[in-house]
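Given next are the chains, with one letter for each unit.
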Amino acid sequence: MNHLPLIIKREYLNKVRNKSFIIMTFLSPIIMVGIFTLVAYLSQLNNDTVNTINVLDESEMFTNQFENTKTLLYKNVNGISLEKAKKLTQEKEIYGLLYIPKTNTIDDLSEAITFYSEESPSITIMGAIENTIENKVNVLKLENAGINAQQIEDLKIKIDTKLETFDGEKTSKLGSGLKLAFGGVAGYLLFMFIIIYGNMIMRSVIEEKTSRIIEVIISSVKPKKLLLGKIFGTTLAGITQFLVWIVLMLVLSTAISSIFGIDTSAVSTPQQEMITQNIDPSSQQMITDVFLELNNLPIANLMVMFVFFFVGGYLLYASLYAAIGAAVDSETDTQQFMLPILMPLILGMYVGFFTVIENPHGTVSQVFSYIPLTSPVVMLMRIPFGVPLWQQLLSLAILFATFMATVWFAAKIYRVGILMYGKKPSYKEIIKWLKY
Amino acid sequence: MNNLLVASNISKSFGEFKALNNVSIKVPKGSIFGLLGPNGAGKTTLIRIVNQITMPDVGEVILDGKPLQPKDIQHIGYLPEERGLYKSMKVGEQAMYLAQLKGLSKSQAKERLKYWFQRLEIEGWWDKKIQELSKGMAQKIQFVVTVLHQPKLLIFDEPFSGFDPINANLIKDEIINLKNEGATVIFSTHRMESVEEMCDHIALINKSNKILDGKLIDIKRAYKSNTYKVGLLPNNSEKLEILLKEKFEIKPTSFKTINKESQYNIKINEGDSVNDLVSYLTTLGQLTHFEEVIPSVSDIFIETVKNNK
């Protein structure tokens, strides 16, 4: 008698046909795309406003130094007093007034420049203005010291140590970050999946208890099979939902951007803009490095292990939720368990980002890449640095064995939980039960 | 082997609480076996042990000559007292699912479900959700699911709760019918009149111990008190009672008749002949009613449990 496919099928259909599940499946992408569209639209609105800034430059050092940009216009108001300039700026509802007084030395300038405005100005605008002033002042100071600024620029050398393994494989410093990315992505995906579907598994395990069908079911099926069926069935439903989400979001965002002309991918933050503004020419080099690095990564190994560790990690955490579901009588008892379960995963991420990057093959990294609750993240971060296959397989074996052990343990709790009549079982009894 | 199920020396504790203490029962093949006892006596624990939901601390269960095994669940149909169905599933789908869990193939399950749904006149429910049904209606589905895989052993824990008298009768007839087709039934209930009507054997459990078991008719024989219910139109109504009291232990009683006779329960001594009583009674007047008082299951239940205290 093979009950497992039967149970999986029932759990799957039960989830997929559930009205709230269907509603969420179709509503979530609409809401998500809606929010993105809104954000994109709003930031476009924001970007379209052109701010004018009056510049009162009494030092007369910055004439024609401020270049107009798409969103920023500089207007020279030289020749009038500060008071008049302020009044003028206010009356004409101009964004702000930049006041550069005449000072004795250049050094005094740094203290003396003032920006007047109605509200506090945005970081991007101030950044742009300060940049311009600093550059100009630096050049002036160098020239005052009798040095040609252009010469200095020409003399600068960018040191980029080339890294190479003994096997002759080229790597780069940049690679370390890139290498951690796989583990990080796995970690975040796990996180998302568990947060969305862990609770669903838990509820599904409680279902038999609340509908009081438990004795009928348990007299036909082994609890272990029931729990496994629930974990797999719910997971399949989750994957279905996830795929629908991805497809729907792609379709919707394409549709919206083509209809309304709003590019949802163009959502960018001011910080990003500042970074892109400040990128130096070596960024070209960086991009080639990234591709070089990608080529050097054991892509096939990573992909396969990514799948295995992701699935294993997910199943393990899912089985923990199932165990909680097995131990409690009603859903109200479960809320507090949601977060603590995720803590080891968060720990794994931190270990990955702080320890693995320091020393990918150190003791801490090694240990955490075997501990099943953290290994899905840590091992995936270590693999790009080169981990022998037997270690990877050992870690996987531990991961899946722990998953089975958790399900087995949950099944025991499940069975005992129904029959204990609310009495706390003694340890002796638990051991006895575990043997049954 | 005349016994389908033999449970010997079963003990089971939950923590400090002893739910079953050295209980043994034998359920003969093809019988309806009444498992009786006050609330909390341990009946459900015993039933769960037979269903392998829980495991005895001590003791052994033998089904059809062999120790009970996990795969035996397909030979057992169990209707627990705590029962329910998946609320959001459709009736037909759910019945198919539960039937397949018991080892039926899809086509078998469908065929038999059709038969039973027709038999109980519930064909129209196939596509309804359980939450749309009343409790009694859901119980019917539950009954069908319990018997569908034609198990050798059927265990019903309070099968009639939630049924109106008509449906209770319907289910009762179905149970008797199943027994006639060869199934063995264990039947746990507090409704003594159905025990009276249906059971061949009973076991009485009180405070974790079995205090009585055997064929119902033997038990009744053992519990009879040589008492007879008598109706008499006396020749001399004033002297009648005095005369009777001289010879027997009597108690006034009452039952419905069409005469205005004197009515007594008369107990004769062990070894005395019933014929002597009858011939003596005829000398006192016209005998209109004579009946042996047979103890009811309810009486036996109450008496044994009281004496067990």
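Residues numbered from 1 in each chain as written. Chains lettered and ligands numbered in written order. Predicted model: local features only at pLDDT ≥ 70, side-chain atom pairs only at ≥ 80, totals over all residues. Heavy atoms only, no water.

Enquirer: Quick rundown of the overall build of chain B? Include the residues and the values.
Expert: The helix and strand inventory of chain B stands at 10 helices and 14 strands. Over its C-alpha atoms chain B spans a radius of gyration of 24 Å, topping by over 25% the 19 Å that the globule rule assigns to 309 residues. Projected onto the principal axes, the alpha-carbon positions of chain B cover approximately 75 × 45 × 35 Å. Scored against the burial criterion, the 309 residues of chain B give a buried share of 51%. Counted over contacts in chain B with a minimum sequence separation of 6, partners at least 24 positions apart contribute 70%. (Helix = DSSP H or I, 4+ residues; strand = E, 2+ residues; numbered from the N terminus. Rg over C-alpha atoms; globule rule 2.2 N^0.38 Å. Buried < 20%, exposed > 50% of the residue type's maximum accessible area, 1.4 Å probe, protein only. Contact = heavy atoms within 4.5 Å.)

Enquirer: So what's going on with helix α1 (residues 43-50) of chain B? Residues and values would help.
Expert: Residue and element names in this part refer to chain B. In terms of residue burial, α1 counts as a mostly covered element, since 7 of its 8 residues are buried. Among the residues making up α1, those that are buried are Lys43, Thr45, Leu46, Ile47, Arg48, Ile49 and Val50. Remark: Gln52 follows α1 within two positions and exhibits a positive phi of approximately 60 degrees.

Enquirer: Any details on unusual backbone geometry? Residues and values, ideally.
Expert: Residues and elements named next belong to chain B. A positive phi angle, close to 60 degrees, is found at Gln52, a residue other than glycine. Note that Gln52 resides in the loop between α1 and β4 (58-63). Phi angles above zero are rare outside glycine, and Asp64 is one such case at about 55 degrees. The topology assignment puts Asp64 in the loop between β4 and β5 (66-67). Judged by relative accessible area, Asp64 falls into the partly exposed class, the value being 24%.

Enquirer: Describe the nonpolar core, and please don't skip the residues or the numbers.
Expert: Residues Ile217 and Tyr314 of chain A together with Tyr97, Ile141, Leu153, Phe156 and Ile175 of chain B are the most contacted members of the largest nonpolar core, which totals 136 residues. Setting aside its immediate chain neighbours within four residues, Leu153 of chain B contacts Leu4, Leu5, Val50, Leu63, His75, Ile76, Gly77, Thr184 and Ile186 of chain B. (Core = buried A, V, L, I, M, F, W, Y, C linked by side-chain atoms within 4.5 Å.)

Enquirer: Got a sec to walk through the side chain of Ser220 of chain A? Specific residues and values, please.
Expert: Looking at where Ser220 of chain A falls in the secondary structure, it is placed in the loop between α8 (214-218) and α9 (223-260). A distance of 2.8 Å separates a polar side-chain atom of Ser220 of chain A from the backbone oxygen of Val216 of chain A. (Polar contact = N/O pair within 3.5 Å; in protein donor to acceptor, adjacent residues only side chain to side chain.)

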